[in-house]
Amino acid sequence: MPVLRLAEKLLEALVAALLFALVAMVFVNVMLRFFMNSGIVVTEELSRIVLSILILSGAVLALIQQRHIAMTLVVDRLPKGGKKAIVALTGAIMLYGNYLLAKGAWMQATLNFSSSYPISGLPMATIYIVATLAGAALALVVAVRMVLILSGRMEPETFFQAASADIAE
């Protein structure tokens, strides 16, 4: 899956750049307010936008890297067929949730295309477009994993592998 690895590396770079930008904006603004009794007004809007994009990008990255939290007590005790059934059920629920995220965010984006933030002038639809892309990316990752597991090319345990397994080792 070289495409997934490339997407993972690009998302890691994006998350790092967004985190750096957020820290830099807040630090510069705090220093300006402390030493000069003024600040950069646009950083209030930009930091909100950057934080939202950071959270959505981080959610996609966490799903790709399987860094979410999972409770696998019941699933670990099931036979392979039961695990595949749970993969199908939980995968379908996750796909539906991602569909709702993407659809709702796109509806909000279309409502906000004509309005913009008062200070920066950026379109208010920016965050909603990123949320739409995040919902689609999350759904794509879940769908690919479900297909690989249900076709037998991947073990069902990998669908439920999470950060808790790394911590236990």
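Quick caveat: nothing in here was measured; it's all calculated off a predicted structure.

Enquirer: Would you explain the overall build of the protein chain in this entry?
Expert: Along its length, the protein chain carries six helices and zero strands. Its C-alpha atoms give the protein chain principal-axis dimensions of about 65 × 40 × 30 Å. Residues classed as buried in the protein chain amount to 33% of the 169 residues present. Across the protein chain, every contact between residues at least 6 apart in sequence was considered, and the portion connecting residues at least 24 apart equals 71%. Within the structure as shown, the protein chain displays about 10,400 Å² of accessible surface, and the carbon and sulfur contribution to it stands at 73%. Averaging the coordinates of the 12 positive side-chain charges in the protein chain and doing the same for the 9 negative ones gives two points 6 Å apart.

Enquirer: So what exactly am I meant to see when it comes to the nonpolar core here?
Expert: For soluble globular proteins, nonpolar side chains are generally found buried alongside one another. If you look at the biggest cluster of nonpolar residues, it comprises 30 residues, and the most contacted ones within it are Val60, Ile64, Val87 and Phe159. Those elements that place two or more of their residues in this core are helix H1 (2–36), helix H2 (42–64), helix H3 (80–112), helix H4 (125–150) and helix H5 (157–160).

Enquirer: Would you mind showing me how to read the packing of aromatic side chains here?
Expert: Aromatic rings considered in pairs are described by the distance between their centres and by the relative angle of their planes. Applying the stated criterion across every chain yields a total of three aromatic pairs. With a centroid separation of 5.9 Å and an interplanar angle of 75 degrees, the aromatic rings of Trp106 and Phe113 are classed as edge-to-face. We classify Trp106 as partly exposed; its relative accessible area is 42%.

Enquirer: I would appreciate a short explanation of the packing of H2 against H4 in the present structure.
Expert: The geometry of a pair of packed helices is captured by two quantities: the angle between their axes and the separation between those axes. Where H2 contacts H4, the two axes come as close as 9 Å, and the packing angle between them is 5 degrees. If you check the angle between H2 and H4, you find them roughly parallel. Judged by residue contacts, Ile49, Ser52, Ile53, Leu56, Ala59, Val60, Leu63 and Ile64 of H2 engage Thr126, Ile127, Val130, Ala131, Ala134, Ala137, Leu138, Val141, Val142 and Arg145 from H4. Counted by class, the contact of H2 with H4 contains 15 nonpolar, two polar and one charged residues.

Here is what the cut-offs are and how they apply
- Each chain carries its own residue numbering, running from 1 in the written order of its sequence.
- The predicted nature of this model means local features are confined to residues of pLDDT at least 70 and side-chain atom pairs, given and counted, to a pLDDT of 80 or more, with totals for whole chains, interfaces and linings taken over all residues.
- The side-chain figures draw on all heavy atoms in the structure; neither hydrogens nor water molecules are used.
- The helix count covers DSSP runs of H or I at least four residues long, the strand count covers runs of E at least two residues long, and both are numbered beginning at the N terminus.
- Summary of the burial criterion: residues with accessible area below 20% of their type's maximum are buried, those above 50% are exposed, and those between are partly exposed, where the area comes from a 1.4 Å probe applied to protein chains only.
- For this analysis, residues touch if any pair of their heavy atoms sits within 4.5 Å.
- Values of accessible area rely on a 1.4 Å probe in the Shrake-Rupley scheme; residue burial ignores everything except the protein chains shown.
- His is not counted, nor are the chain ends, whereas Lys and Arg count as positive and Asp and Glu as negative.
- In plain terms, the charge of a residue is placed at NZ if it is Lys, CZ if Arg, CG if Asp and CD if Glu.
- We call a set of buried residues a nonpolar core when its members are Ala, Val, Leu, Ile, Met, Phe, Trp, Tyr or Cys and they connect through side-chain atoms within 4.5 Å of each other.
- The rule is short: rings of Phe, Tyr and Trp, with Trp giving its six-membered ring, pair when the centres are within 6.5 Å, and they are stacked under 30 degrees, edge-to-face over 60, tilted in between.
- To obtain an axis, a line is fitted to C-alpha atoms, over the contacting stretch when the element is a helix, and the angle between two such axes runs from 0 to 180 degrees between their N-to-C directions.
- For classification purposes, an angle smaller than 35 degrees is called roughly parallel, one larger than 145 roughly antiparallel, one from 65 to 115 roughly perpendicular, and anything else oblique.
- When residues are grouped by polarity, Ala, Val, Leu, Ile, Met, Phe, Trp, Tyr, Cys and Pro land in nonpolar, Asp, Glu, Lys and Arg in charged, and all others, Gly among them, in polar.

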